[in-house]
Every structure is written in C-alpha cells, then in structure tokens.
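Residue-level structural notes
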Amino acid sequence: MTETAKPETSAAPASRLWTPNGFREDDWTHAETADALSGNGRFILPLQVFLDLDPQIRISAKERLGVSLQPGDQLDKIVDLLDQLSLVALAFPAFTDGRSFSKASLLRSRHGFEGAVRATGQVLIDQLPHMLRVGFDEFEITHPVLLKRLEEGRLDGIPVHYQPAAKASAPTGNYSWRRIPTN
C-alpha cells in the first residue's frame, strides 16, 4: 500500500488595510481572548470577549481596544459601550450577507460613533463605494481584483444614487431624489 502525499492547503490570502487615503500599515491585531491585552498593541476582540471584560479594563484600554461583530451579533449589545471603543470591525463572511451595511449606517447616523468602522471578510469591488457611503472608513482587503484596482487608484462605482446614507450627498439636476457623493 503506497501512501500518497496530501495536497498542501493554501492559506487564506493575506489582507491589506485600505482607507480612503490609500493603503497603510495595520496597527490592529485580531485576538481571540482578552489575554492579548496584557501585551502592547491594539486588539480587535470578539463581541463576547469584549463584553466579558471588566468595565475598568475597557475604559483604561479604550485607545487600543476594538470589537468584532459578526452579522448575527446584535449592535444593541455595544451601543452603551461605544465610548469605550476606538474601532468596530463588522464582518462580511459571505458577499451575500449585507447585515453589516445596516450596522455601519446605524453606528454613524443613529449612535454618532466617531471611531473607526472597519469592514472585514468578503469586501468586493462593487460593494466598496456603498460601504464608504454608509460609514465604513477602513477595509481589510483580500480580494485580488479589488487589491489591483485600489493599487491603480481606481475606485469604481456608480456616480449617482437614490438612497440616503450616513455620508452627506448633493442633489443633481431636476430630480430631488437623485444624489451624487460629496467627497
């Protein structure tokens, strides 16, 4: 009986952090436990780990503390704790799940969150302009085509839209409902 070699599994593509000002180094690390806070650095913790932190630790570590929300996580669980966060990372585990769009919009418009709102996971070309409009300002990009377009300085998108968003827009022409982004 001969043993066959197992195929190597390819690791998930490395992400690059992009903001509307371009690519930059990511000074945040995703951590699974609160033990990470004992070291130096800035850490994004899962929702339940963040909620389980001692309130005094949350307050004292605010500048280096972020939380990651999955699409099924309730935003209401952190609304009263937003003053203890510098970053909220909203996950897109599949491009077909848009619940994190609503969370970003609510964070900005209803709850007035001024910290960073980051998109993680399946961030795709056609979604990026809308993500910017609803309040995202940081993106962990792994999609190769999107990486290439952003490296080329191309932020493609439809130049007009109809929906209100967290970011202000200006009316165009004779139609009060047709808007263009204001940058």
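In what follows, the structure referred to is the one given above.
This one's a predicted model, so the numbers in the text were calculated from it and none came from an experiment. (Residues numbered from 1 in each chain as written. Predicted model: local features only at pLDDT ≥ 70, side-chain atom pairs only at ≥ 80, totals over all residues. Heavy atoms only, no water.)

With that out of the way, let us pick up the packing of aromatic side chains. Taken as a whole and assessed by the stated rule, the structure comprises 4 aromatic pairs. Geometrically, the ring pair formed by Phe92 and Phe101 is edge-to-face, given 5.2 Å between the ring centres and 75 degrees between the ring planes. Here Phe92 and Phe101 have matching classes, each one buried. On the numbers, 5.7 Å between centres and 55 degrees between planes, the contact of Phe92 with Phe136 is tilted. Of the two residues, Phe92 is situated in strand S6 (residues 87–92) and Phe136 in the loop between helix H5 (128–134) and strand S8 (138–141); the sequence distance between them amounts to 44 residues. Accessibility classification places Phe92 together with Phe136 in one group, the buried group. Residue placement shows Arg16 over the ring face of Phe23; its charged tip is 3.9 Å from the ring centre. Positioned above the aromatic ring of Phe50, the side-chain terminus of Arg58 is 5.4 Å from the ring centre. (Phe/Tyr/Trp six-rings, centres within 6.5 Å; stacked < 30°, edge-to-face > 60°. Buried < 20%, exposed > 50% of the residue type's maximum accessible area, 1.4 Å probe, protein only. Helix = DSSP H or I, 4+ residues; strand = E, 2+ residues; numbered from the N terminus. Lys NZ or Arg CZ within 6 Å of the ring centre and 35° of its normal.)

Our next topic: helix H4 (residues 99–109). Those residues of H4 that sit buried are Ser100, Phe101, Lys103, Ala104, Leu107 and Arg108. Here the buried residues of H4 occupy an arc of 165 degrees about the axis, which is enough to place them on one side. Taken together, the buried residues of H4 touch strand S5 (65–69), S6, strand S7 (116–121) and H5. (Arc of directions from axis to C-beta. Contact = heavy atoms within 4.5 Å.)

By the definition in use, this model includes 11 salt bridges. A salt bridge links Asp26 to Arg118; the nearest nitrogen and oxygen atoms lie 2.9 Å apart. Of this pair, Asp26 sits in the loop between strand S2 (22–24) and strand S3 (28–30) while Arg118 is found in strand S7, placing the two residues 92 residues apart along the sequence. Take Arg118: its relative accessible area is 0%, and that puts it in the buried class. Members of the salt-bridge network, linked through shared partners, are Arg24, Asp26, Asp27, Arg42, Arg118, Glu138 and Glu140. (Salt bridge = Lys/Arg side-chain N within 4 Å of Asp/Glu carboxyl O.)

Bear in mind that shape data such as this cannot, by itself, settle questions of function.
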